[in-house]
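Each chain, letter by letter, is given below.
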Amino acid sequence: MKLTKRAIDAIVPDPRRDIYVWDDEVRGFLLRIKPSGVRSFAIQYRNASGVSRRITIGKLGVLTADEARKVAKQKLADVTKGGDPAEARSEDRKTMTVRQLCQTYLNACEKGLIIGKGGRPKKASTLYVDRGRIERHILPLLGDRRVRDLRTPDISRFMRDVAAGKTANDIKTGFRGRAIIEGGAGTAARTVGLLGGILSFAVSEGIIPTNPARGVKRPTDQRREVRLTNEQYRMLGKALAEAQAEGENPTAILGVRLLALTGCRRGEIERLRWDEVDIASGCLRLADSEEGKSVHPRECRCQVAC
């Protein structure tokens, strides 16, 4: 058949095996359907030595059938001129730098192809933090290294350098903005965790055979956990009452009060919508918190009134 959106959508996956559907219009252009239902476009050809090769062009959703057919024509045209797209891709992967890999990873994240916590694509806020760690820690120390040359000792050395403050900096980000970049064990642990995820992506893409970050012992991330005492809650309530009497921003005062009483994160209160407020049950039903759907407060955070 000619591979069109309607024809592709009509194909039912086989739970026992892959299905291959060849395009009638472009010889060598095909669609692969995995038992999971994932659909990918590919080409199959024989190189100048007569060896049969097959390479994936891209997944349905990232590319339309027409876009994939256009790419297939270009690559198959290269084959007729003596080229070998599979060999060229292999060579490109051998020379890929960490900088190029990070950009490929971020592009995949933005398209929702990288799954984060709870089996969901990474959020924009998480991607913002990831991008900052890449630009301020990973690229300055490893950006020009070839991915295939990285070894476990390189990752361990990178972690020690970040912890020691080798990437610490004070960057002007605008007319009045500043970004103060610090090192420390916590920053090192979180950045190596991200780097390990990027290298796992490289393994899944066939860029490297194994993940060199595996086995690297990261320092314990010493996240601060502060719980206010009843006396501190009284002090907070008094400060909020004084701020209200002095005409301070009422929205900010209510926001702080909600933070104290519900235990929500600041971003959850900043993005709170009316349809997430359950007045009858006296709780907030968050549709998209860091853990996915959640209800706050889970427990009373204070025993005194603010």
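For clarity, every value in this text was computed on a predicted model and none was experimentally measured.

**Q** An account of the overall build of the chain is requested, with residue identities and associated values reported.
**A** Counting its regular elements, the chain contains 10 helices and nine strands. Taking all 306 residues of the chain together, the buried fraction comes to 35%. Look at the contacts in the chain between residues 6 or more apart in sequence, and 48% of them connect residues 24 or more apart. Taken as a whole, the chain presents about 19,400 Å² of accessible surface, with 50% of it coming from carbon and sulfur.

**Q** Requested: an account of helix α6 (residues 152-163), with residues and values cited.
**A** Since the α-helix advances by 3.6 residues per turn, residues separated by three or four positions end up pointing in the same direction. Taking 1.5 Å per residue as the helical rise, α6 with its 12 residues ought to reach 16 Å, and the 17 Å between its terminal C-alpha atoms agrees with that figure. Buried within α6 we find D154, I155, S156, F158, M159 and V162. In this structure, the buried side of α6 is in contact with α5 (124-142) and α7 (185-204). At the C-terminal side of α6, G165 shows a positive phi close to 90°.

**Q** Break down the pairing of strand β3 (residues 39-46) for me, with residues and values.
**A** Buried residues dominate β3, accounting for six of its eight residues. Taken together, the five bridges between strand β2 (residues 29-33) and β3 define a ladder with antiparallel strand orientation. Each bridged residue has a counterpart across the sheet, and for F29 the counterpart in β3 is I43. Remark: five residues form the turn of the hairpin made by β2 and β3, two consecutive strands paired antiparallel; G37 in that turn has positive phi of roughly 100°. When β3 meets strand β4 (residues 52-59), the two strands line up antiparallel, connected through seven bridges. Pairing of F41 across the sheet is with G58, part of β4. Connecting β3 to the antiparallel partner β4 that follows it, the hairpin turn spans five residues, and G50 within it adopts a positive phi of roughly 85°.

**Q** Lay out the sheet that holds β4 in plain terms, naming residues and giving numbers.
**A** Taken together, four strands build an open sheet; the order of strands is β1-β2-β3-β4 and the sheet is antiparallel. With partners counted over all chains shown, the strands left at the sheet margins are β1 (19-22) and β4, one partner each. Taking each pair of neighbouring strands and ignoring which way they run, the sheet shows an average axis angle of 30°. The pairing of β1 with β2 spans four bridges and is antiparallel. Following the sheet pairing, W22 is matched in β2 by L30. Set on the sheet, helix α2 (residues 65-80) makes contact with β2, β3 and β4; between it and β3 the angle comes to about 20°. Seen against the sheet, helix α3 (residues 85-95) touches β3 and β4 and runs at an angle of roughly 65° to β4.

**Q** Could you give an account of the packing of α5 against α6, naming the residues involved and the relevant values?
**A** Running from amino to carboxyl end, α5 crosses α6 at an angle of 125°, the nearest separation of the two axes being 11 Å. With respect to α6, the axis of α5 lies oblique. Considering only the axes of α5 and α6, their crossing is right-handed. Here H137, I138, L141 and L142 of α5 lie close against α6, whose contacting residues are F158, D161 and V162. Partitioning the contact of α5 with α6 into residue classes produces five nonpolar, one polar and one charged.

The rules behind these values
- Residues numbered from 1 in each chain as written.
- Predicted model: local features only at pLDDT ≥ 70, side-chain atom pairs only at ≥ 80, totals over all residues.
- Heavy atoms only, no water.
- Helix = DSSP H or I, 4+ residues; strand = E, 2+ residues; numbered from the N terminus.
- Buried < 20%, exposed > 50% of the residue type's maximum accessible area, 1.4 Å probe, protein only.
- Contact = heavy atoms within 4.5 Å.
- Areas by Shrake-Rupley, 256 points an atom, 1.4 Å probe, with all protein chains shown as cover.
- Expected span 1.5 Å × (residues − 1).
- Pairing = 2+ DSSP bridges.
- Axes fitted to C-alpha atoms, helices over the stretch in contact; angles between N-to-C directions.
- Parallel < 35°, antiparallel > 145°, perpendicular 65-115°, else oblique.
- Left-handed = near helix turned anticlockwise from the far one by under 90°.
- Nonpolar A, V, L, I, M, F, W, Y, C, P; charged D, E, K, R; others polar.

Treat this as a map of the structure, not an account of what it does.
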